[in-house]
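# Observations on the three-dimensional arrangement
The chain contents come next:
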Amino acid sequence: MVRNVAGLLPELEDEDFYLLSGVEQGMRFSEWVQREKLPKFADLTDEEVDYRLERGLKRGLIEKKTIQYEGYTLQFEGYDVLALRALVEQDTISEFGSPLGVGKESDVYEVKSYKPLALKYHREGYTNFREVHKERDYTSDNDHVSWMYTARKAAEREHGILESLYPDVAVPQPIGQNRHAIVMEKMDGVELSRTRLEDEQILGVLELLLAEIARAYTNGYVHADMSEYNVFVNESGVKIFDWPQAVPTDHENAAEFLRRDLTNIVGYFRRKYPQYVPDDLESDELAESITADSFETITDFV
């Protein structure tokens, strides 16, 4: 888990951010930025660069490595600080709160502005960059791709998808985005995996979820990673989150991903509530109705 760096903002000075931005700029060309290039990238004197490097190293925002040259790279904490400061300067957020969730590819915190919001830091590629680089479409054609680029592209992609889907589909309202960070509405409710539905709610919630999958398809996207872990349930209905891996409906594998999403969701309900989910509720038939824009209710399939 990458540590929360919100407490560092008050003690960092403008020149510290110039240095961090300079390292960020240099990392577009190389994972380790040569010390000699930092004054140009950061627009600081040699003496100022040395002082700011010391401060950044002390706070764990950058890392130093001597290879064939003295090089520096951003830690994720340094990237977090840059994104967080930008979001504060844009008045997107004003306060930083407690963690809401920590995962393999993201960390989510509560933040505040005019209302409670959620800040999601994408972590793709930080610990398993080679695997992510192979799997994700937005890295496959780039020769020099760092974890920083991978995480930023994931955030840009997810934010764009949320903007395309909201409010027609029950997804978190997107508020803002900078670098690898997204600000969105804070979701109320409980993760589906941790919910024990009442008997009379089971098929109703499943039907709501299938309807949202269908609406997402109508609006041009297949989630492509649907499970009980990226659905929130509350008294108002359901909300689907985590969209960076979504594919457009004209993607060559969109139909396969749609069937897999439906298999995952129907399979989860069938395992947890076997006496309520009919055996003849088939993912292939559901997928055909969604792609034909004819899905209405579960009862059409049982």
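Residues numbered from 1 in each chain as written. Predicted model: local features only at pLDDT ≥ 70, side-chain atom pairs only at ≥ 80, totals over all residues. Heavy atoms only, no water.

### Regarding the overall build of the chain
Heads up, the condition is: Each helix is a run of H or I in the DSSP string that is no shorter than four residues. Each strand is a run of E no shorter than two, and both are numbered from the N terminus. For every residue, the accessible area (1.4 Å probe, protein chains only) is compared with the maximum for its type, and the residue is labelled buried under 20%, exposed over 50%, or partly exposed between those bounds. Only the protein chains shown count as cover for residues, with accessible areas throughout obtained via the Shrake-Rupley method and a probe of 1.4 Å. Positive charges come from Lys and Arg, negative ones from Asp and Glu, while His and the chain ends are left out of the count. To locate a charge, take NZ of a lysine, CZ of an arginine, CG of an aspartate or CD of a glutamate.
Scanning the chain from terminus to terminus reveals nine helices and 13 strands. Across its three principal axes, the chain shows a C-alpha extent of roughly 75 × 40 × 30 Å. Within the span of the chain, comprising 302 residues, buried residues form 50% of the whole. Carbon and sulfur atoms provide 43% of the accessible area of the chain, an area that totals close to 15,000 Å². Computed over 34 positive and 59 negative side-chain charges, the inter-centroid distance for the chain is 6 Å.

### Side note on the packing of helix H8 (residues 254–272) against helix H9 (residues 283–291)
Under the convention used in this document: Orientation is described by lines fitted to C-alpha atoms, with helices fitted over the stretch in contact, and by angles between N-to-C directions that extend from 0 to 180 degrees. Angles are sorted into four bins: roughly parallel if under 35 degrees, roughly antiparallel if over 145, roughly perpendicular if 65 to 115, and oblique for all others. In a left-handed crossing the near helix is turned counterclockwise from the far helix by less than a right angle, and in a right-handed crossing that turn is clockwise. Should any heavy atoms of two residues lie within 4.5 Å, those residues are counted as being in contact.
One can describe the packing of H8 onto H9 by two numbers: an axis separation of 9 Å at closest approach and a directional angle of 130°. When the interaxial angle is binned, H8 and H9 end up oblique. Judged by the twist between their axes, the crossing of H8 over H9 is right-handed. Contact with H8, carried on its side by Leu258, Arg259, Leu262, Thr263 and Val266, involves Ser283, Asp284, Leu286, Ala287, Ile290 and Thr291 of H9 and no other residues of that element.

### Things to note about unusual backbone geometry
Note that the residue after Tyr166, namely Pro167, is joined by a cis bond; omega there is 5°. Considering the arrangement of structural elements, one finds Pro167 in the loop between helix H6 (147–165) and strand E7 (174–178). The phi dihedral of Ala224 falls on the positive side, at around 75°, and the residue is not glycine. Note that Ala224 resides in the loop between strand E10 (221–222) and strand E11 (231–234). A residue is classified by how much of its surface remains accessible, and Ala224, at 6% relative accessible area, is buried.

### Topic: the pattern of salt bridges
Between side chains of opposite charge, a pair can form when the charged atoms approach closely. Basically, it comes down to this: The salt bridge criterion pairs a side-chain nitrogen of Lys or Arg with a carboxyl oxygen of Asp or Glu, the two atoms within 4 Å.
Scanning all chains against the criterion turns up 21 salt bridges. Glu11 serves as the salt-bridge partner of Arg59, at 2.8 Å between the closest nitrogen and oxygen. Here Arg59 is found in the loop between helix H3 (46–58) and strand E2 (62–66), whereas its partner Glu11 is found in the segment before helix H1 (14–26), with 48 residues between them in sequence. Ionic pairing is found between Arg152 and Glu156, a salt bridge with its closest N-O pair at 2.8 Å.

### Observations concerning the side chain of Lys120
Selection criterion: Definition of a polar contact: a pair of N or O atoms within 3.5 Å, with one able to donate and the other able to accept a hydrogen when the atoms are protein atoms, and with sequence-neighbouring residues admitted only if both atoms are side-chain atoms.
Looking at the secondary structure, you find Lys120 in strand E6 (residues 116–122). Relative accessible area serves as the criterion here: at 5%, Lys120 is assigned to the buried category. Within the structure, Lys120 has its side chain in polar contact with the side chain of Glu158 (distance 2.9 Å). Reaching out from Lys120, the side chain makes a polar contact with the side chain of Asp242 at a distance of 2.6 Å. With residues near it in sequence (within four places) discarded, Lys120 still touches Ser106, Asp107, Val108, Glu158, His180, Ala181, Ile182, Met184, Asp242 and Pro244.

### Quick word on the nonpolar core
The line we're drawing: Side-chain atoms within 4.5 Å are what join buried Ala, Val, Leu, Ile, Met, Phe, Trp, Tyr and Cys residues into a set we call a nonpolar core. Boundaries between domains were set according to an automatic or database domain assignment.
Counting 49 residues, the largest nonpolar core has Leu209, Ile213, Trp243 and Phe269 as its most contacted members. Contributions of two or more residues to this core are made by H6, strand E8 (181–185), helix H7 (202–218), E10, E11, strand E12 (237–240), H8 and H9. Considering every element that reaches this core, the biggest residue donor is H7, with ten residues. Residues lining this core come from more than one domain, with at least three contributed by each of domain 1 (6–185) and domain 2 (190–300). Counting 27 residues, the second-largest nonpolar core is a separate cluster that includes Val5, Leu61, Leu82 and Ala151.

### Considerations on empty space enclosed by the protein
For clarity, the cut-off: Definitions used for this entry: grid spacing 1 Å over protein atoms alone; cavity, a set of points where a 1.4 Å probe fits but cannot get out; pocket, an open set with protein on both sides within 12 Å along at least 5 of 7 lines; lining residue, one with an atom within 4 Å of a point. Grid points are joined across faces, edges and corners, and a volume is the space filled by probe spheres set on the points. Residues are sorted three ways: Asp, Glu, Lys and Arg are charged, Ala, Val, Leu, Ile, Met, Phe, Trp, Tyr, Cys and Pro are nonpolar, and all the rest, Gly among them, are polar.
Scanning the model with the defined rule gives two cavities of 30 Å³ or more in all. Counted as a void, the largest cavity has a volume near 50 Å³. Taken together, Ile213, Ala216, Tyr217, Tyr221, Val222, His223, Ile240, Trp243, Leu258 and Asp261 form the lining of the largest cavity. Contributing elements (two or more residues each) for the lining of the largest cavity: H7, E10 and H8. When residues of the lining of the largest cavity are assigned to their parent elements, the largest contribution, three residues, is made by H7. Grouping the amino acids of the lining of the largest cavity by side-chain chemistry returns eight nonpolar, one polar and one charged. If you add up the space inside the second largest cavity, you get close to 40 Å³. Grouping the amino acids of the lining of the second largest cavity by side-chain chemistry returns four nonpolar, one polar and four charged.

### A short note on the domain arrangement of the chain
The accessible area lost on association of the parts is a frequent measure of interface size. Quick reminder of the rule: Buried area, as used here, totals the accessible surface that two parts lose on assembly, with accessibility defined by a 1.4 Å probe and the loss added over both.
For the chain, the assigned domains read domain 1 (6–185) and domain 2 (190–300). Relative placement of domain 1 and domain 2: their C-alpha centres are 33 Å apart. On the side of domain 2, 16 residues touch domain 1, which itself brings 18 residues to the contact. Both sides together, the interface formed by domain 1 and domain 2 hides about 1,400 Å², and carbon and sulfur atoms give 57% of it.

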